[in-house]
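# Coordinates in review
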Amino acid sequence: DDEARLQRLVPYVVTIIQDDQIAAVRASAVRVARQLLEQVTSFPASDADMFPKYIIPALNKLSTDSEELVRIAFAESIAGFAETARRFLEISQGEVAEAGGGTDGDGEEGQGGGDGGEGGGGEGLVVVRVRGAVTRECTCPMEWS
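What you see is a predicted model, and the numbers here were worked out from it, not measured in a lab.

Within the secondary structure layout, Ser28 lies in helix α2 (residues 23–39). Taking relative accessible area as the criterion, Ser28 reaches 39% and is therefore assigned partly exposed. Residues Ser28 and Ala73, spaced 45 residues apart in sequence, show a C-alpha to C-alpha distance of 7.5 Å.

The next thing to look at is the pattern of salt bridges. Counting across every chain of the model gives seven salt bridges. Measuring nitrogen to oxygen at the nearest pair gives 2.8 Å for the salt bridge that ties Asp2 to Arg5. One end of the pair is Asp2 and the other is Arg5, both in helix α1 (residues 2–19) and three residues apart, which spans about a single turn. Accessibility assignment for this pair places Asp2 and Arg5 in one class, buried. The salt bridge partner of Lys53 is Asp49, with a shortest N-O separation of 3.2 Å. Given a relative accessible area of 64%, Lys53 falls into the exposed group. In this structure Asp49 comes out as partly exposed when scored by relative accessible area, which is 30%. Here the salt bridges do not stand alone but share partners, grouping Glu83, Arg86 and Glu90 into one network.

In this model, α2 (17 residues) spans 25 Å end to end at C-alpha, consistent with the 24 Å of a helix rising 1.5 Å per residue. Where α2 is concerned, the buried positions are Ala23, Arg26, Ala27, Ala29, Val30, Ala33, Arg34, Leu36 and Leu37.

Geometrically, a pair of aromatic rings is defined through the distance of the ring centres and the angle of the planes. All told, the structure shown has two aromatic pairs when counted by the stated rule. Each member of the aromatic cluster is reached from another via a ring pair, and the members are Phe43, Phe51 and Phe88.

Along the chain, Gln35 falls in helix α2. Using a relative accessible area of 41% as the deciding quantity, one classes Gln35 as partly exposed. C-alpha of Gln35 to C-alpha of Ser77: the two residues are 42 residues apart in sequence and 9.1 Å apart in space.

Before going further, it helps to examine the packing of α1 against helix α3 (residues 50–59). In the contact formed by α1 and α3, the axes pass within 9 Å of each other and the chain directions differ by 30 degrees. With respect to each other, α1 and α3 are oriented roughly parallel. In contact with Leu6, Val10, Pro11, Val14, Ile17 and Gln18 of α1, α3 contributes Met50, Tyr54, Ile55, Ala58 and Leu59.

Scoring rules and cut-offs
- Residues numbered from 1 in each chain as written.
- Predicted model: local features only at pLDDT ≥ 70, side-chain atom pairs only at ≥ 80, totals over all residues.
- Heavy atoms only, no water.
- Helix = DSSP H or I, 4+ residues; strand = E, 2+ residues; numbered from the N terminus.
- Buried < 20%, exposed > 50% of the residue type's maximum accessible area, 1.4 Å probe, protein only.
- Salt bridge = Lys/Arg side-chain N within 4 Å of Asp/Glu carboxyl O.
- Expected span 1.5 Å × (residues − 1).
- Phe/Tyr/Trp six-rings, centres within 6.5 Å; stacked < 30°, edge-to-face > 60°.
- Axes fitted to C-alpha atoms, helices over the stretch in contact; angles between N-to-C directions.
- Parallel < 35°, antiparallel > 145°, perpendicular 65-115°, else oblique.
- Contact = heavy atoms within 4.5 Å.

Structure follows, in structure tokens:
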């Protein structure tokens, strides 16, 4: 199941990617990690940031690995990792939206603000709320219509 993949198999395979001395084993571990992650369909909120905090740093050194076999396996797998990371992000964002009902408590979606004015660019405050509590805030460039 997904929990076993994420809590037991993925950490083991990532350790092999990082620590094994045999290039063929590291290359196979890269492919196995991609396949394992592609099979995940659900995960707890605590694993939502698995890619930026765990998977990507583990894969970071593969593009400069001393063995060509490992670099080839990484190149063959990078698109799969990217698609899976995007899917993880979409699932986690969907869960936040569902938990909060898509509104900020006033019946309106999110909040926007900033100095861009009507019809201009600028920066705005994006607030994500879950059951009325602010969970994330970030200032990001926005286009105002």
